[in-house]
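# Architecture at a glance
Chain by chain, the residues:
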Amino acid sequence: MARMHTRRRGQSGSDRPVADEPPEWSDVDAEEIESRVVELAEQDYEPSQIGMKLRDEGVTGTPVPDVKLATGKKVTEILDEHDAGSDLPEDLANLMERAVRLREHMEEHPLDHQNKRALQNTESKVRRLVSYYRGDELDEDFTYSYDVAVELLE
């Protein structure tokens, strides 16, 4: 299956082992994990960065390989419960940030056709994600534009 906007096929990676309970060596209390997740979110870490920090550093020195196995909730669910999550989903915010950077580059270099195409592809992905999130994470009448993205990312 081809990836979106490329001719390449993507590189297959390894899958995580199937597990329905956390390993014995990671016996951190679920409440401690939740408080650490909220603490990291207040330090402006994104959900994916929080997961990596917990995997690498852990809580009180004990690594947490999978937050969902240990607590029964995803990192984003924990953040929503404690009102610590951001308004935009992380993947959409990252794509909007990229689109804004590309648009600013295009204003400086109008003849850069390769980046013009990259901007078109990125904005296409943003519009797809907006329609996916509309109603749940975003307002029903939310529409993407450069000005809206700049305003949301400030």
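Residues numbered from 1 in each chain as written. Predicted model: local features only at pLDDT ≥ 70, side-chain atom pairs only at ≥ 80, totals over all residues. Heavy atoms only, no water.

- You'll find the protein entered in an unreviewed UniProt entry as Small ribosomal subunit protein uS15, with Haloarchaeobius litoreus given as the organism.
- Quoted straight from UniProt, the Subunit (unreviewed entry) entry for the protein says "Part of the 30S ribosomal subunit."
- Turning to the protein, the UniProt annotation filed under Sequence similarities (unreviewed entry) states: "Belongs to the universal ribosomal protein uS15 family." (UniProt positions renumbered as here; feature names shortened; annotations may be inferred.)

### Details of the nonpolar core
- L88, L92, M96, V126, V130, L138 and Y144 are the most contacted members of the largest nonpolar core, which has 20 residues in total.
- Those elements that provide at least two residues to this core are α5 (90-108), α6 (113-133) and α7 (146-153).
- Top element by residues in this core is α5. It accounts for eight residues.
- Those residues within four positions of L92 in sequence are excluded, and the remaining contacts are V126, L129, V130, Y133 and L138.
- Core analysis: the second largest hydrophobic core is formed by 14 residues, I33, V38, A41 and L79 among them. (Core = buried A, V, L, I, M, F, W, Y, C linked by side-chain atoms within 4.5 Å. Buried < 20%, exposed > 50% of the residue type's maximum accessible area, 1.4 Å probe, protein only. Helix = DSSP H or I, 4+ residues; strand = E, 2+ residues; numbered from the N terminus. Contact = heavy atoms within 4.5 Å.)

### Quick word on the pattern of salt bridges
- One pass over the structure, following the stated rule, counts nine salt bridges.
- Between K53 and E57 there is a salt bridge; the shortest N-O distance is 2.8 Å.
- The class of E57 is partly exposed, set by a relative accessible area of 40%.
- Linked through salt bridges whose partners overlap, the residues forming this network are R36, E39, K53 and E57. (Salt bridge = Lys/Arg side-chain N within 4 Å of Asp/Glu carboxyl O.)

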